[in-house]
Amino acid sequence: MAERKVRVRFAPSPTGALHIGGVRTALYNYLFARQNGGEIVFRIEDTDSNRFVPGAEEYILEAFQWLGIKFDEGVSFGGEYGPYRQSERRDIYKKYVNQLLEAGKAYIAFDTPEELEAKRKEIANFQYDAHTRMQMRNALTLPKEEVEKLINDGEQYVVRFKIEPGEEVHVDDMIRGDVCIKTEILDDKVLYKSADELPTYHLANIVDDHLMLISHVIRGEEWLPSAPLHVLLYRAFGWEDTMPRFAHLPLLLKPEGKGKLSKRDGDRLGFPVFPLEWHDPKTKEVSSGYRESGYFPEAVVNFLALLGWNPGTEQEMFTLDELVKAFDITRCSKAGAKFDYQKGIWFNHEYILKKSDEEIAGLFAPIVANNGVDATMEQVTKVVHMMKDRVNFVNELWDLCSFFFMAPTEYDEKTVKKRWKEYSAEQMSELSQVLADIDDFTVEGQESIVMKWVEDKGYKLGDVMNAFRLALVGIGKGPGMFDITEFLGKEETLRRLQKAIEILK
């Protein structure tokens with residue numbers, strides 16, 4: 001048989017913000033497709049009309065645009081296998097529902113929610129299957145005329161898949177190997193509901209994957225229990241030759257404790273679980289996003305790629321192109337991956353170091369301007385050069401280095417107690433005089449002269465420099481003192497020294 005073209009799909013439901021686990025699933029699909037010269041399809045699974053949330057679809061598309069994950073076809077991208085929204089494919093599904101009914105592979109059931117609930121109370125661990133279906137109100141137990149009359153009278157019904165016991169279903173999983181399930185444990189899943197004339201996830205997925213020529217289904221581990229049903233559906237339609245290969249990705253687990261990662265973990269520990277900030281139209285709640293929290297998209301992609309996949313080398317920093325080359329789906333872990341959000345912060349820090357001073361300055365300049373400072377790009381770039389290795393996010397720079405642009409209005413009490421001695425005012429007055437006489441105000445020009453003065457006077461270098469830093473910065477932190485004074489210039493340096501002497505005495 002000819003080798004099939006690799007075609008994968010990412011098919012979210014527009015029920016709210018896209019969880020970071022969904023982003024990772026899309027990323028792995030993208031990497032697999034690109035590595036194999038294939039295509040990735042973007043499909044919207046909106047058959048559950050009750051859970052539809054306005055704005056969710058646009059949010060998902062914007063998230064991938066920000067992350068740089070590009071789709072080849074699908075909703076908003078076009079393509080020859082559309083429509084790509086399941087709600088627009090009703091007639092297509094109806095045809096395949098009828099095909100299963102005519103072949104005796106599915107049947108109509110009229111049980112009301114109340115009848116099902118009564119059965120659950122009557123039978124412990126009740127499931128609708130070969131053992132119980134003959135006790136229920138369906139086309140297998142009712143006369144044909146009655147079934148037709150109920151349908152004609154507008155009685156609501158569902159179509160259930162008829163699963164026969166005594167079979168073994170094998171799922172060929174690229175990560176987990178051969179997964180074998182006995183049909184005894186499967187229930188007769190609902191495939192279609194007359195109430196909204198829409199299929200459930202199970203039928204819609206199989207039909208779409210078949211018609212859209214999907215060759216590989218790469219999805220979260222939570223879908224593994226439904227894989228045997230999907231294999232049985234492919235068989236029921238006679239589509240064994242076009243059945244995709246499955247890969248079920250490991251779950252993303254809580255950073256601490258047991259269970260899968262949830263939004264509550266993010267809220268409690270202070271990290272986002274959504275790619276972009278999400279404004280819930282129903283609850284009006286605002287949830288933080290990686291973009292708005294100051295993460296670089298490349299850092300998020302790099303971080304997510306290594307959650308549950310191991311390149312087999314020591315390399316940690318990957319561009320998207322490098323990930324495409326290195327990705328091997330068989331190196332995905334079977335076990336869940338702990339969501340180490342601190343590692344995400346580490347990646348962002350590494351990307352700050354990796355980027356040029358000019359690029360970071362371009363991001364920092366608006367923050368400087370928003371704080372009422374009119375600084376040149378050259379000044380902002382100089383500050384970034386000195387300070388970018390000290391932050392994890394660009395938006396942390398202002399608090400750390402506002403002193404370059406604005407003289408301190410107050411002096412940190414703890415630092416004053418510790419660093420400003422009874423003789424500091426006198427030493428700073430002398431230092432002012434020394435600095436005033438220096439013509440070459442570069443780092444080198446100042447350093448040799450000031451150091452010689454400290455030595456000649458027999459002063460303690462620590463005492464002088466700590467008081468000097470407090471006077472110029474207002475706190476006991478910052479880069480090298482002469483880097484600061486060179487940036488400030490002679491006039492501003494002397495002004496700040498004089499002010500500190502007057503206030504601190």
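Residues numbered from 1 in each chain as written. Predicted model: local features only at pLDDT ≥ 70, side-chain atom pairs only at ≥ 80, totals over all residues. Heavy atoms only, no water.

**What to know about the domain arrangement of the protein chain**
If you check the domain split of the protein chain, you get domain 1 (87-249), domain 2 (263-352), domain 3 (355-404) and domain 4 (413-504). One C-alpha centre belongs to domain 1, the other to domain 4; they are set 78 Å apart. (Domains from an automatic or database assignment.)

**A word on the sheet that holds strand 5 (residues 158-161)**
Judged by pairing direction, the sheet is antiparallel, and its 4 strands sit side by side in the order 4-5-8-9 without closing on themselves. Looking at strand neighbours, the two that pair on one side only are strand 4 (106-109) and strand 9 (198-199), the edges of this open sheet. Where strand 4 lies against strand 5, 4 bridges are found, and the strand directions are antiparallel. Directly across from A109, in strand 5, lies its bridge partner V158. (Pairing = 2+ DSSP bridges. Helix = DSSP H or I, 4+ residues; strand = E, 2+ residues; numbered from the N terminus.)

**Brief notes about empty space enclosed by the protein**
Under the criterion given, the structure shown has 2 cavities of 30 Å³ or more. There is about 40 Å³ of room inside the largest cavity. What lines the largest cavity is simply K263, G266, D267, F271, P272, V273, F274, S287 and S288. The element best represented in the lining of the largest cavity is helix 8 (residues 263-269), accounting for 3 residues. Class assignment for the residues of the lining of the largest cavity results in 4 nonpolar, 3 polar and 2 charged. When its volume is computed, the second largest cavity comes out at roughly 40 Å³. Taken together, D129, A130, H131, I163, P165, T183, E184 and L186 make up the lining of the second largest cavity. When grouped by side-chain class, the residues that make up the lining of the second largest cavity number 4 nonpolar, 2 polar and 2 charged. (1 Å grid on protein atoms, 1.4 Å probe; cavity = no way out; pocket = protein on both sides within 12 Å on 5 of 7 lines; lining within 4 Å. Points joined across faces, edges and corners; volume = space filled by probe spheres on them. Nonpolar A, V, L, I, M, F, W, Y, C, P; charged D, E, K, R; others polar.)

**Considering the packing of aromatic side chains**
Across all of its chains, the model carries 30 aromatic pairs by this definition. Aromatic side chains F126 and Y128 sit 6.4 Å apart centroid to centroid with 65° between the ring planes, which places their arrangement in the edge-to-face category. Each member of the aromatic cluster is reached from another via a ring pair, and the members are F271, F303, F339, Y341, W346 and F347. Of note, K343 hangs over the ring of W346, and the distance from its end group to the ring centre comes to 4.2 Å. (Phe/Tyr/Trp six-rings, centres within 6.5 Å; stacked < 30°, edge-to-face > 60°. Lys NZ or Arg CZ within 6 Å of the ring centre and 35° of its normal.)

**Some details on the side chain of D111**
Assignment of secondary structure puts D111 in the loop between strand 4 and helix 4 (113-122). Within the buried core, D111 has no salt-bridge partner, and the shortest N-O distance to an opposite charge, that of R160, equals 4.8 Å. Only 2.6 Å separates the side chain of D111 from the side chain of Y128, close enough to count as a polar contact. A polar atom in the side chain of D111 sits 2.8 Å from the backbone nitrogen of R137. (Buried < 20%, exposed > 50% of the residue type's maximum accessible area, 1.4 Å probe, protein only. Lys, Arg positive; Asp, Glu negative; His and termini not counted. Salt bridge = Lys/Arg side-chain N within 4 Å of Asp/Glu carboxyl O. Polar contact = N/O pair within 3.5 Å; in protein donor to acceptor, adjacent residues only side chain to side chain.)

**Quick look at a negative patch on the surface**
Together, D437, D439, D440, E444, E447, D483 and E486 make up a region of like negative charge exposed at the surface. Elements with a minimum of two residues in the negative patch: helix 17 (443-457) and helix 19 (481-504). Relative to the helices and strands, D439 resides in the loop between helix 16 (424-436) and helix 17. Residue classification places D439 among the exposed residues on the basis of a relative accessible area of 76%. (Patch = residues over 30% accessible without salt bridge, like charges linked within 9 Å, V, L, I, M, F, W, Y side chains within 5 Å. Areas by Shrake-Rupley, 256 points an atom, 1.4 Å probe, with all protein chains shown as cover. Charge placed at Lys NZ, Arg CZ, Asp CG, Glu CD.)

**Remarks on the nonpolar core**
F339, F364, F404 and V450 are the most contacted members of the largest nonpolar core, which has 153 residues in total. Residues contacting F404, with those up to four places away along its chain left out, are V383, M386, M387, P479, I484, F487, L488 and R496. With 6 residues, the next largest nonpolar core counts Y107, F126, Y128 and M136 among its residues. (Core = buried A, V, L, I, M, F, W, Y, C linked by side-chain atoms within 4.5 Å. Contact = heavy atoms within 4.5 Å.)

**A closer look at the side chain of R9**
Along the chain, R9 falls in strand 1 (residues 7-10). A polar side-chain atom of R9 sits 3.3 Å from a polar atom in the side chain of N205. Here the side chain of R9 touches D209 through a polar contact of 3.0 Å, side chain to side chain. Those residues within four positions of R9 in sequence are excluded, and the remaining contacts are N29, V41, R43, N205, D209, I214, V217 and R219.

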